[in-house]
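# Report on the structure
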Amino acid sequence: DPGADASLCGMAATGASGTNAVRYGTMRPNVLNLRVVLSDGRLLHTAGPGRQPRKRAAGYDLTSLFVGSEGTLGFLTQATLRLHPLPEATAVTIASFPSVGAAVACTVQVLQAAVPVARIEFLDEVMADACGRFSKMQLPAAATLLLELHGSRHSLAEQQQQMEEIVRQNSGSSLAWAEGLEEREQLWSMRHNAWYAALALRPGCQGYSTDVCVPISRLPDVVVETKQDLQASGLTGPMVGHVGDGNFHCILVFNSQDPEEAQHIHAFTQRLGRRALAAGGTCTGEHGVGLGKRALLQEELGQEGLDTLRSIKAALDPHNLMNPGKVL
């Protein structure tokens, strides 16, 4: 479920995911083969030309090496992807909660109860209010979960019952399920417009999106601490996330012409990354390292890990032609 104007090879290059990741996985397990142009012009098929087995154990996993490489090892020009069947029945609902802690705690319980949910998307009260106004939909200004279930018509009814019970246990609002295609698409369109809804909070300002991913058991604590940090910093940073796999984003909207505010943004993103690392997570769940998280990557992998990455980079791109300065 790529958002905005994402391309498939671009998503593979950054190891991205999307709203369906909790059930169907991120790009990494869904890429079977890649065609890559190496720095010396040679053409590499990471699983062999024309091959698309569901699993393989032949040699090093070159496909996974290039997924998430952010253009530093080669140009990704073609991707062979795993396909998933469309479900017989689909139902979507929105639940509002009294706090971000309650919303994320509900997510954890849904996953621990093994409800086979397809999507769990989190919006804090700022993001929910912004999305509702931008998409001209009535949405309470409260911590919100968008939930989607896939399955047979019989299994869907059981899943809905389980979901409603867990939402009630976490003081969530009563659920009304949307099963028609048009209504479902309207709800997800609102979520996919979150970036533009956030920018509309401060017209004329710039958006900066950062993300982290933490173990599900630590997600409520990290989200609550991040929310408190945002409020204490006085930053405009609505929160949104694929919380079903422990991943959330802060969309920071700021005046790029104000050096002091830009410095506050940088300091916040570093605190966010280190908070995720301290919780046993990663400094980036899907946006990649780029330039801004190189220091955090060293803290995450250690010197040995970074030296290994540099050795791989030197072997495949000895003249440092591919996206120089990024990641390493």
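This one's a predicted model, so the numbers in the text were calculated from it and none came from an experiment.

### Section: the sheet that holds strand β3 (residues 75–81)
Pairing is antiparallel across the open sheet formed by 3 strands, whose spatial order is β2-β1-β3. Among the strands making up the open sheet, the edge pair consists of β2 (43–45) and β3. Neighbouring strand axes in the sheet, compared pairwise and without regard to direction, differ in orientation by 15° on average.

### Overview of the sheet that holds strand β9 (residues 247–254)
Ordered in space as β4-β6-β5-β8-β9-β7, the 6 strands form an open sheet in which the pairing is antiparallel. Among the strands making up the open sheet, the edge pair consists of β4 (89–97) and β7 (206–213). Averaged over all pairs of adjacent strands, the angle between their axes in this sheet comes to 20°, without regard to strand direction. Where strand β5 (residues 117–123) meets strand β8 (residues 239–241), 2 bridges bridge the pair, whose relative direction is antiparallel. Looking across to β8, one finds that phenylalanine 122 is bridged to glycine 241. Along the sheet face, helix α7 (residues 153–169) touches β4, β5 and β6 (143–151) and points at about 160° away from the line of β6. Strand contacts of helix α11 (residues 259–278): β7 and β9, with the helix running at about 170° to β9, the strand carrying the most contacts.

### Focus: the pairing of strand β1 (residues 31–37)
Successive side chains on a regular strand alternate, one facing one side of the sheet and the next facing the other. The element β1 is extensively covered by neighbouring structure, given that 5 of its 7 residues are classed as buried. Where β1 meets β3, 6 bridges bridge the pair, whose relative direction is antiparallel. Its bridge partner being in β3, asparagine 33 is matched across the sheet by threonine 80. In this structure, β1 lies alongside β2, joined through 3 bridges in antiparallel fashion. When the sheet's bridge partners are listed, valine 37 is paired in β2 with leucine 43. The hairpin formed by β1 and β2 contains 5 residues between the paired strands, and glycine 41 there has a positive phi angle of roughly 95°.

### Digging into the side chain of histidine 150
Note on placement: histidine 150 falls in strand β6. Among the polar contacts made by the side chain of histidine 150, one reaches the side chain of glutamate 148 at a distance of 2.6 Å. Look past the residues within four positions of histidine 150 in its chain and what remains in contact with it is Asn20, Arg23, Tyr24, Pro87, Ala89, Thr90, Pro116, Ala118, Leu156 and Gln159.

### With respect to the domain arrangement of the protein chain
Domain annotation for the protein chain reports domain 1 (8–81) and domain 2 (89–279). Here domain 1 and domain 2 have C-alpha centroids that lie 28 Å from each other. Of all residues in domain 1, Thr19, Val22 and Arg23 give up the largest surface area on contact with domain 2, accounting jointly for 68% of the area buried on that side. Seen at the junction of domain 1 and domain 2, the total is 5 residue pairs in polar contact (both at pLDDT 80 or more). Among the residues forming the side of domain 1 that touches domain 2, the class breakdown is 3 nonpolar, 5 polar and 1 charged.

### A look at helix α12 (residues 294–316)
If you check α12, its first and last C-alpha atoms are just 20 Å apart, much less than what 23 residues at 1.5 Å a residue would give, namely 33 Å. Of all the bends in α12, the greatest measures close to 110° and is centred on glycine 302. Of the positions making up α12, those classed as buried are Leu296, Leu297, Leu306 and Lys313. Those residues of α12 that are buried lie in contact with α11.

### Thoughts on the packing of α11 against α12
Their axes nearest at 10 Å, the elements α11 and α12 cross at an angle of 10°. By the criterion of interaxial angle, the relationship of α11 to α12 is roughly parallel. Crossing angle aside, the handedness with which α11 passes α12 is right-handed. For the pair α11 and α12, the contacting residues are Thr269, Gln270, Gly273, Arg274 and Leu277 in the first and Leu296, Glu299 and Glu300 in the second. In terms of residue class, the contact of α11 with α12 is made up of 2 nonpolar, 3 polar and 3 charged.

About the cut-offs
- One numbering rule holds for all chains: residues counted from 1, following each sequence as written.
- pLDDT decides what is reported in this predicted model: residues at 70 or higher carry local features, side-chain atom pairs at 80 or more are listed and counted, and totals for whole chains, interfaces and linings draw on all residues regardless.
- To obtain the side-chain values, all non-hydrogen atoms of the structure were included, while hydrogens and water were left out.
- We call two strands paired when DSSP finds no fewer than two bridges between them.
- Only DSSP runs of H or I with at least four residues qualify as helices, and only runs of E with at least two residues qualify as strands; both kinds are numbered from the N terminus onward.
- Angles run from 0 to 180 degrees between N-to-C directions of axes, and those axes are lines fitted to C-alpha atoms, restricted for helices to the stretch in contact.
- When checking whether two residues touch, look at their non-hydrogen atoms; a contact exists if any pair is within 4.5 Å.
- Accessible area is worked out with a 1.4 Å probe on protein chains only. A residue is then buried under 20% of its type maximum, exposed over 50%, and partly exposed in between.
- In protein, a polar contact means a hydrogen-donor-capable atom and an acceptor-capable atom, both N or O and within 3.5 Å, with residues adjacent in sequence counting only if both atoms are side-chain atoms; elsewhere, any N or O pair within 3.5 Å suffices.
- What fixes the domain bounds is an automatic or database domain assignment.
- Using a 1.4 Å probe, buried area is obtained as the accessible area two parts lose upon being combined, added over both of them.
- Residues are sorted three ways: Asp, Glu, Lys and Arg are charged, Ala, Val, Leu, Ile, Met, Phe, Trp, Tyr, Cys and Pro are nonpolar, and all the rest, Gly among them, are polar.
- Multiplying 1.5 Å by the helix residue count minus one yields the expected span of that helix.
- Bend angle per residue: angle between axes fitted to the 7 residues ending at that residue and the 7 residues starting there.
- Note on angle classes: values under 35 degrees are labelled roughly parallel, values over 145 roughly antiparallel, values of 65 to 115 roughly perpendicular, and the remainder oblique.
- Should the near helix be turned anticlockwise from the far one by less than a right angle, the crossing is termed left-handed; should it be turned clockwise, right-handed.

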